[in-house]
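Examining the three-dimensional arrangement
Residues per chain, in single letters:
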Amino acid sequence: MNRLFLFIAPAFVLSFLAVSAEPQLPSITNFSSIGPQRIIKWTPYPAAKSYSILSSSNLSGGFATNSSGVLSGFVWTVTNSSPVNFYQVKVTPLTSDELLTANVLNRLAYGPSPDDLERILTGNSPIGPNAYIAEQLAPETIAETVTNSHTNINLISARFAGPTNVIPESTNYASIDDFRAWHILRAVGAKRQLLEILLQFFENHFVTQYTKSLDYFDQFYDNDNAESRIATQFEYLENDKWRNALLNPTCTFYDLLKISAESPAMIIYLDTVTSKGNGSNIANENYARELLELFTFGVDNGYTQSDIVAMSRSWTGWTVQIVSPDKATNPFAPRTTKLLATSIAVGATNTTTVSNLAGVWAFNFNSTAHDVSPTLRPKTLFANAFVPSRFGAPYTTKFYGTNTVAGRYTLGFAARSGTNGIQDGYDIITNLANMPFTQEYISIKLCRLFVHDNFPNPSNDANNPAYNFYDYSGGNLSPEAQLVRDCMSAWESSSPMGQIRPVLQTIFSSDLFRSHGGSMQKVKTPLEFTISAIRALRSSTNGAFLPNTYSADTDGYNLVRTIGSSPGLLGPLLRMGNMSLFDRDAPDGYPEDAPFWMSAGTLAERIRFVQSMCIAVGQAGHTGTSETSTNDAGNNTFCSPVNLILAKLPAASRTNAAAVVDYMLNTIYPGEGLGNLNQYRTAAINFLNDGSADASPSVTPFANLAVSSTATAAYDIRVRGMVAYLLSLQRFQEQ
Amino acid sequence: MQHFNIITRRGFLDRSLKIGLGVALSTLTDIPFVMKRALAEGKIGLNGKKLLFIFLRFGNDGLNSLIPIEDPVYPLNRVKIQIPRSGAVNPYAATGVMDDPNLSAPGFPTYAFNAGNGFAALHPSLKYLAPVYNAGDLALIHRVGYPRQSRSHFDSQIYWENGNPNNNISKDGIFYRTLLESGLANTNPLTGVSIQSALPLLLRGSDAAMTNLSDPTRFRLLGLPNNAAGLSKATNSIVSANGFSSVDKLNRDLLNSQYKNLNIALNQFGDGSMFSETNNTFQDTVLGSGYYLFPTATAKNPNSVVDSGAYSFFKNLKAAALILNKTDAIIAGTELGGFDTHNDQIVHDDILGTVDPLSGGHANLQKRIGWAIYALQRYFLQHADKATWDNTVVVTLSEFGRTSAENGTFGTDHAEAGPMFVAGGGVKGYGKGRRTTGIFGCHTSDTYNGVSVPWIPGTTGKTGSMFGVSTSYLKRAVDYRSVLGEIIRDHLGATQSQLDRIIPAYSIAGQKLQSGGVTTNTTAEKTDGTTIAGELDIV
């Protein structure tokens, strides 16, 4: 006869948590006493550093930690012969700084790295996560030293032509893979991490496709190198302009939108380049539709099909032309007449064909293609349209443009001829950039990027559940909708209107971002996954931050370029779901939400990548160049977790399996809390002690192994295997 | 030769009843969905019937696929990109079989060939459809759409895939729900499989994980070290970690189910050699050697039945066919992109002022569709194992058709209704029963279920059916849900009440999905008053 007393008590929380939606404290859900075991189960608490069981034989006495049982997951087991007790479960959560640091490095950066964690949180004089946010919001104040970290960056930089260089004949110019590698190297190593995140976000928001430019220039050039160079240069130039814009403290959404609208890559991508509104030609609707649906308002948010048709006529004439380099920024410049000195074939009959001209391809307005069909027409967009009531004040009560009725946002302009026709386009983007629909949709996309995916698209159809979700005119908004609204307010009240930084500041100051609401709630894209895997193990082990001093690194190319000769082995970003940078075929950009990226096939590719990366270079699985080889990471993407251990752990801890595992868990999953990882911890320790896959299988425990970073040493193999295991798990898919 | 798995199904019934009762007793609320499924009587997955889907992404220009060649306004609005008429006398008057454009000779005809219903013709690049059609195994359905059509790629793809037009909130797919109704989704190792870069919404849902193989030929892990001992050590660790408990986060159910799915699929496909290129030796016994059913490389495409850009699609299609044929999977499929032909859907030379409407991107895509359907017929006839041609239906989906009038850039923009292709030994096409045609929705006397939905030829300019929606777009006469609904019920074996759950609008009278007629015009039901055919009796 067991007489057991069960006392279900909320645990006490030892440290302060800066969250509004405080999670439920753990409560004991199950207590059983069957046969030889007494078992206590409880509900988990997010970001728990540790759980412990307290007991007391007497309710009036004090509770003390009971260390006689075994803790695994959220279950504590003790022999049934131990004394009759009252029990409590106690949780020690991560501190608010610890939690925020993890969120910040997962969202404002491409994942935590050992050196960043020390700088912000665990080092000798940590700056703290709030200082990191402030610094990242002002990237122009950070001295960027990323070019020192890998020789490829400057090498590739030298291959980008300045904006006024003529079309070259030689081949030493950046290819799209060069640009991709350059982009990735910065994402891996930049100090201005948030800038790199934002660049990728806006590049993906205003998506264009390298291949489409390539195809377009195929009609002018027989020279693949020339086509490739021009198409690459377009991608580089628009990104370079966004980068510079984002370095400006008062950068607005309009600034970014204008760069996109004027980018030759966009003009070609969505077919404006050949669109005509003259004669019997019907204007191509592609850009007008996606400008509203994807780049500004969001789908069915404040526009109709007739707005698209009218707007498509406005964009006719926006094209590209090869012009004299000194006129690259003049959209009315004539086609250059200067001939290339050396490329004209002997006996060529037509020396003025495009391929023989020396100049640069740039945005150009062709007034003869601009809408004159059937006669020169004025245009009206959003005829008699009003901002829906769900937006509330000030959006429904203010005056838009020249409208004389509050809340009406009709945009009209007179018929324009000749070069004046270019103004149609500028009037449109100036108007769209700060409309409430744009404020709302861009804010939603930023919240999805930085907080979590569950911010639905808005709707103005009262039958649609999303209508009520984003009905700001009432009260009682969800924290998500309230955050969107707060972002819009920051947007609306900034001067000049539409600044990016106040919107970001709003998100980063929100409880939703700083708390559990923003912690490990998102799944990584392939780009985020691969780069975060490298960063998780990447430390400059001698503190020099110079090439070849890192415990993990990539040359950039390995992630994107086909390894080996054609057809070769595709780069991991392609295999994990076709995330070939700067070459998305659909204008919605790569998705942020998890279901798109998660399937058996893509998970197998992700696990193969981290396994290949963790195998020592030259060993099976990390060598070879054929299409069927298993060199998934490529020879220049590598890691040495033992080198990281040598740099970070004292000698006495290096053969202590628990110490090694704890260091890796805290580095790789800083936001989860060791308390919630205790099963992973046990498994990883067992992994280190398991010699079944050593070069010579053995039963030698980890503690008895000689510390070595030699590829075939048991110590190296086991540490590599354990780290690959941690990077293969569900938790590493998350950020 | 059918491969039932009754034991698995019973095991499921046992288990789900226990789960269901437990939940029901403890909460005294509505019977959980899992139990409703188990109590249903459908035959999905138990009758050996299979479905292969191909999603034609970004809007196939249906008016240049299944061409209303005798509509006088077709050439008026397709000036530069029109597919030329045959030079013969009254080339489209003959009715009955489809013209067979010299099937055994390589190459394609230079004109739209007669589809045999006195009104329609096919793009010449679809020539390999002719033998499938003439065997009665193909239904070509024109003017397919849904009420209040979205002309956004992304919204419209969502609606085709979730089976709920104008509902962006519904996050699970129409085929996912079909498989969930089978009761096998959580017990059979494979039920729904896609082979493409990502799992499509068609197969997504939260109560069971469907399988997507992004590259089936590489579907295995490495292990660390990369040898047998390392592989089992690493894989065992990863598998056992799936059972670890964790805090609730937004994506953890998804991750958990897809990790389990990964392990199951790894066990199913072993080293993946069934998908390898060296095992791709299927050749057509009718056209002869050299006609590889799945042209995945230049060496497998000596007669240029498709363009060289088609190889990766055929690699995926082959895996989908093999999975249906060699496993218990019920639904498998892939996608074909590139249909967003806003410009240059044909070849043109602006300097010479010439056009070649038979070449270019859209023509290449038609070749892929035509050969894919022909090759699937041949594959399932020649190599039937778990899937026979009689037990398999192939269906294409595409989010919308394109503008009836071409734009100024040799292309077409987003519009509304378009065609669906449905093939299979059990499809009621030309000559089956007393059918005189396998063309649906592309004739001036179209009547189904007593509902008249004629294709009205235009007179001048933008008139007639091609401009039936606000004088711009082809108006729908068939709802895609009627086509899929009929396939899910009459082919795959759902009961009507199951179908009402799979496609919720089926039970709403005003939607007219089954019997056809004038749909209601209400915002709440998201209908628009258009007259539609209802089900077409194609399977």
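Residues numbered from 1 in each chain as written. Chains lettered and ligands numbered in written order. Predicted model: local features only at pLDDT ≥ 70, side-chain atom pairs only at ≥ 80, totals over all residues. Heavy atoms only, no water.

If you tally the helices and strands in chain B, you get twelve helices and 18 strands. Radius of gyration (C-alpha) of chain B: 24 Å, near the 24 Å computed for a compact globule of 539 residues. Expressed as lengths along the three principal axes of its C-alpha atoms, the size of chain B is roughly 70 × 55 × 45 Å. Long-range contacts, defined here as pairs at least 24 residues apart, represent 69% of the contacts in chain B between residues at least 6 apart. A total of about 17,900 Å² of accessible surface is found on chain B, and carbon and sulfur atoms cover 53% of it. Distance between charge centroids for chain B: 6 Å, based on 47 positive and 43 negative side chains. (Helix = DSSP H or I, 4+ residues; strand = E, 2+ residues; numbered from the N terminus. Rg over C-alpha atoms; globule rule 2.2 N^0.38 Å. Contact = heavy atoms within 4.5 Å. Areas by Shrake-Rupley, 256 points an atom, 1.4 Å probe, with all protein chains shown as cover. Lys, Arg positive; Asp, Glu negative; His and termini not counted. Charge placed at Lys NZ, Arg CZ, Asp CG, Glu CD.)

A few words now on helix α16 (residues 479-493) of chain A. All names here are of chain A. Look at α16: 21 Å from first C-alpha to last across 15 residues, which is about the 21 Å you get at 1.5 Å a residue. Those residues of α16 that sit buried are Glu480, Ala481, Leu483, Val484, Arg485, Cys487, Met488, Ala490, Trp491 and Glu492. Where α16 is buried, its residues touch α9 (253-262), α13 (423-433), α14 (436-450), α15 (465-469), α17 (500-509) and α18 (511-514). (Expected span 1.5 Å × (residues − 1). Buried < 20%, exposed > 50% of the residue type's maximum accessible area, 1.4 Å probe, protein only.)

Here we take up the environment of Gly721(A). Within the fold, Gly721(A) resides in helix α27 (residues 714-728). With relative accessibility at 3%, the residue Gly721(A) sits in the buried group. Residues Gly721(A) and Ala358(A) lie 363 residues apart in sequence; the distance between their C-alpha atoms is 55 Å. Not counting chain neighbours up to four residues away, the residues in contact with Gly721(A) comprise Phe687(A) and Leu224(B).

Note on sheets: strands pair through backbone hydrogen bonds, and any given pair is parallel or antiparallel. Residues and elements named next belong to chain A. With antiparallel pairing, four strands are arranged side by side in an open sheet as β1-β2-β6-β5. Of all strands in the sheet, those with a lone pairing partner are β1 (28-34) and β5 (70-72), marking the two edges. Between one strand axis and the next, the sheet turns through 15 degrees on average, direction left out of account. Across five bridges, the pairing between strand β2 (residues 37-42) and strand β6 (residues 75-79) is antiparallel. Across the sheet, lysine 41 pairs through a bridge with valine 75, a residue of β6. (Pairing = 2+ DSSP bridges. Axes fitted to C-alpha atoms, helices over the stretch in contact; angles between N-to-C directions.)

Attention shifts here to the pairing of β2(A). Residue and element names in this part refer to chain A. Note: β1 against β2, six bridges, orientation antiparallel. Across the sheet, the residue bridging to asparagine 30 is lysine 41, located in β2. Connecting the antiparallel pair β1 and β2 is a turn made up of two residues, with glycine 35 showing a positive phi of about 55 degrees.

This part takes up the interface of chain A and chain B. Each partner contributes residues to the interface: chain A has 84 residues there, and chain B has 64 residues. Carbon and sulfur atoms supply 57% of the area buried between chain A and chain B, which totals about 6,300 Å² over both sides. Summed over the shared surface of chain A and chain B, the number is four salt bridges. One salt bridge connects Glu672(A) with Arg252(B), and the closest N-O pair in it is separated by 2.9 Å. (Buried area = accessible area lost by both parts, 1.4 Å probe. Salt bridge = Lys/Arg side-chain N within 4 Å of Asp/Glu carboxyl O.)

Below, the discussion takes up unusual backbone geometry. A cis amide bond, omega 5 degrees, links Ala393(A) with the succeeding residue Pro394(A). Within the element layout of this structure, Pro394(A) appears in the loop between β10 (379-381) and β11 (411-413). Across the junction of Ser495(A) and Pro496(A), the peptide omega takes the value -5 degrees, indicating a cis bond. Backbone geometry at Ser470(B) places phi at a positive 40 degrees, although glycine is not the residue there. Summarising the element assignment, Ser470(B) is placed in the loop between β15 (451-452) and β16 (478-479). Classification of Ser470(B) by relative accessible area gives exposed; the value is 55%. Positive phi outside glycine occurs at Thr471(B), with the angle close to 45 degrees. In this structure, Thr471(B) sits in the loop between β15 and β16.

With that settled, consider the sheet that holds strand β4 (residues 64-65) of chain A. Residues and elements named next belong to chain A. One open sheet holds the three strands; their spatial order is β4-β3-β7, and the pairing between them is antiparallel. The two strands at the open ends of the sheet, each matched to only one other strand, are β4 and β7 (86-93). Where strand β3 (residues 48-56) lies against β7, eight bridges are found, and the strand directions are antiparallel. In the sheet register, leucine 54 faces β7, and the bridge partner there is glutamine 88.

Residue and element names in this part refer to chain A. If you trace the backbone, arginine 390 turns up in the loop between β10 and β11. Residue class for arginine 390 comes out buried when judged on its relative accessible area of 0%. A distance of 2.7 Å separates the side chain of arginine 390 from the side chain of glutamate 440, its partner in a polar contact. Here asparagine 460 takes part through its side chain, which lies 2.7 Å from a polar atom of the side chain of arginine 390. If we skip the residues at most four places from it in the chain, arginine 390 touches Asn301, Glu440, Pro458, Ser459, Asn460, Tyr467, Tyr470, Asp471, Tyr472 and Ser473. (Polar contact = N/O pair within 3.5 Å; in protein donor to acceptor, adjacent residues only side chain to side chain.)

For chain A, the average pLDDT comes to 91, and 93% of its residues sit at 70 or higher. The low-confidence segment residues 1-20 of chain A, where pLDDT is below 50, has 51 contacts with residues more than four positions distant or belonging to other chains. (pLDDT = per-residue confidence, 0-100.)

The next thing to look at is the pattern of salt bridges. Residues and elements named next belong to chain A. The full count for this structure, using the stated rule, is 58 salt bridges over all chains. A salt bridge links aspartate 424 to arginine 416, with the shortest nitrogen-to-oxygen separation between them at 2.7 Å. Taken individually, aspartate 424 and arginine 416 each receive the classification buried, so the pair is uniform in this respect. Linking arginine 584 and aspartate 588 is a salt bridge whose minimum nitrogen-to-oxygen distance equals 2.9 Å. If you follow the salt bridges from partner to partner, you end up with Arg313, Asp371, Arg377, Lys379, Arg416, Asp424 and Asp427 in one network.

For any pair of aromatic rings, the description rests on two quantities: the centre-to-centre distance and the angle between the ring planes. On inspection of all chains with the given rule, the structure shows 66 aromatic pairs over all chains. Centroid distance Phe220(A) to Trp361(A): 5.2 Å. Interplanar angle 25 degrees. Geometry classified as stacked. In this pair, Phe220(A) is assigned in the loop between α7 (210-217) and α8 (224-246) and Trp361(A) in strand β9 (residues 360-365), connecting sequence segments 141 residues apart. Among the residues examined, Trp361(A) registers a relative accessible area of 7% and is labelled buried. Ring centres of Phe294(B) and Tyr379(B) lie 5.6 Å apart, and the angle between their planes is 65 degrees; on these two criteria the pair is classed as edge-to-face. Of the two residues, Phe294(B) sits in the loop between α8 (252-269) and α9 (311-326) while Tyr379(B) sits in helix α10 (residues 361-382), which places them 85 residues apart along the sequence. On the basis of relative accessibility, which here comes to 0%, the residue Phe294(B) falls in the buried class. Members of the aromatic cluster, each reached through a chain of ring pairs, are Phe201(A), Phe202(A), Phe206(A), Trp242(A), Phe253(A), Tyr287(A), Phe295(A), Trp315(A), Trp318(A), Phe363(A), Tyr426(A) and Trp491(A). Lying over the aromatic face of Phe391(A), Arg390(A) brings its terminal NZ or CZ to 4.3 Å of the ring centre. Lying across the ring of Tyr292(B), Lys300(B) places its NZ or CZ 5.6 Å from the centre. (Phe/Tyr/Trp six-rings, centres within 6.5 Å; stacked < 30°, edge-to-face > 60°. Lys NZ or Arg CZ within 6 Å of the ring centre and 35° of its normal.)

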